[in-house]
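# Structural overview for review
Read off the chains here:
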Amino acid sequence: MSNVLEFRAKCPDDKSLADCREALEPQVMKIVAEAVGRGYPAAEAAMVVADIADDYILMLSRELRH
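An account of the accompanying structure is given in this report. Keep in mind it's a predicted model, so treat the numbers as computed, not measured. (Residues numbered from 1 in each chain as written. Predicted model: local features only at pLDDT ≥ 70, side-chain atom pairs only at ≥ 80, totals over all residues. Heavy atoms only, no water.)

## Side note on the packing of helix 2 (residues 14-37) against helix 3 (residues 42-65)
The geometry of helix 2 relative to helix 3 is characterised by a closest axis approach of 9 Å and an angle of 135 degrees between their N-to-C directions. The pairing of helix 2 with helix 3 is recorded here as oblique in orientation. For helix 2 against helix 3, the interelement crossing comes out right-handed. Residues V28, I31, V32, A35 and V36 of helix 2 touch helix 3, and the partners they reach there are A42, A45, A46 and V49. (Axes fitted to C-alpha atoms, helices over the stretch in contact; angles between N-to-C directions. Helix = DSSP H or I, 4+ residues; strand = E, 2+ residues; numbered from the N terminus. Parallel < 35°, antiparallel > 145°, perpendicular 65-115°, else oblique. Left-handed = near helix turned anticlockwise from the far one by under 90°. Contact = heavy atoms within 4.5 Å.)

So this is what it looks like as structure tokens:
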């Protein structure tokens, strides 16, 4: 798990994270709403978005090791 800890150490401060969330949250909610409009349950759509984000974080952590 050291790769995750290395990534966390390089994250911006809390204010920057809050600003980023404020900027991105409407887009993520739009993605979930579009999935719901296509018949997927909201919880399932949100879980898929989280899973995609998790995969991306893991990819970034692998890049940090190289």
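## Structural notes on the side chain of S61
Note that S61 resides in helix 3. Using a relative accessible area of 2% as the deciding quantity, one classes S61 as buried. Polar side-chain contacts of S61 include one of 2.7 Å to the backbone oxygen of L58. (Buried < 20%, exposed > 50% of the residue type's maximum accessible area, 1.4 Å probe, protein only. Polar contact = N/O pair within 3.5 Å; in protein donor to acceptor, adjacent residues only side chain to side chain.)

In short, geometric facts, not functional conclusions.
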